[in-house]
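The residues making up each chain are set out below.
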Amino acid sequence: MRLSYFRELMAEEFGSVRANSLATDHVFAELDGLTVNQALEAGRDAKEVWRAVCVAFEVPPERR
């Protein structure tokens, strides 16, 4: 998954302001205690990060 598509999915699901806040501030256990931005900067695959966000925020399967 390309990073631009990941950001688009985040904005569509949470709104641009909340998506940015989640990516910066929310620590995900599924990402070994990293935020979205930290995980992406560390080289984690955007698809893996998206899955972690979906699990943590119970995004319905049809929007995953």
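For the structure itself, look to the data block above.
Just so it is clear, the structure is predicted and the values come from calculations on it, not from any experiment.

Asker: Mind showing me how you'd approach the nonpolar core here?
Answerer: Looking at soluble globular proteins, one finds that nonpolar side chains tend to be buried together. Formed by 19 residues in total, the largest nonpolar core has its most connected members in F6, M10, F14, V36, V49, W50 and V53. Of all the elements in the fold, those that place two or more residues in this core are α1 (3–14), α2 (16–25), α3 (36–41) and α4 (46–56). Among the elements that make up this core, the one with the highest residue count is α4 (six residues). Discounting chain neighbours no more than four positions away, the residues touching V53 are M10, F14, F28 and V36.

Asker: Help me understand the packing of α1 against α4, please; the structure alone is not making it clear to me.
Answerer: A pair of packed helices is characterised by two quantities: the angle between their axes and the separation of those axes. Following both chains from N to C, one finds α1 and α4 inclined at 15°, their axes separated by 10 Å at the closest point. Classed by the angle they form, the pair α1 and α4 counts as roughly parallel. The element α1 and its partner α4 pack so that their crossing is right-handed. When α1 is examined against α4, the residues F6, L9, M10, E13 and F14 are found in contact with a partner set consisting of A46, V49, W50 and V53. Within the contact of α1 with α4, the residues separate by chemical class into eight nonpolar, no polar and one charged.

Asker: I'm lost on the packing of aromatic side chains in this one. Help?
Answerer: The geometry of an aromatic ring pair is captured by two quantities: the separation of the ring centres and the angle between the planes. Enumeration according to the criterion identifies three aromatic pairs in this entry. Centroid distance F6 to W50: 6.2 Å. Interplanar angle 85°. Geometry classified as edge-to-face. Within this pair, whereas F6 is found in helix α1, its partner W50 is found in helix α4, the two being separated by 44 residues in sequence. Since its relative accessible area comes to 0%, F6 is described here as buried. Between F28 and F57, the aromatic rings sit 6.1 Å apart at their centres with planes inclined by 65°, giving edge-to-face as the arrangement. Note that F28 is positioned in the loop between α2 and α3 and F57 in the segment after α4, a separation of 29 residues in sequence.

Scoring rules and cut-offs
Residues numbered from 1 in each chain as written. Predicted model: local features only at pLDDT ≥ 70, side-chain atom pairs only at ≥ 80, totals over all residues. Heavy atoms only, no water. Core = buried A, V, L, I, M, F, W, Y, C linked by side-chain atoms within 4.5 Å. Buried < 20%, exposed > 50% of the residue type's maximum accessible area, 1.4 Å probe, protein only. Helix = DSSP H or I, 4+ residues; strand = E, 2+ residues; numbered from the N terminus. Contact = heavy atoms within 4.5 Å. Axes fitted to C-alpha atoms, helices over the stretch in contact; angles between N-to-C directions. Parallel < 35°, antiparallel > 145°, perpendicular 65-115°, else oblique. Left-handed = near helix turned anticlockwise from the far one by under 90°. Nonpolar A, V, L, I, M, F, W, Y, C, P; charged D, E, K, R; others polar. Phe/Tyr/Trp six-rings, centres within 6.5 Å; stacked < 30°, edge-to-face > 60°.

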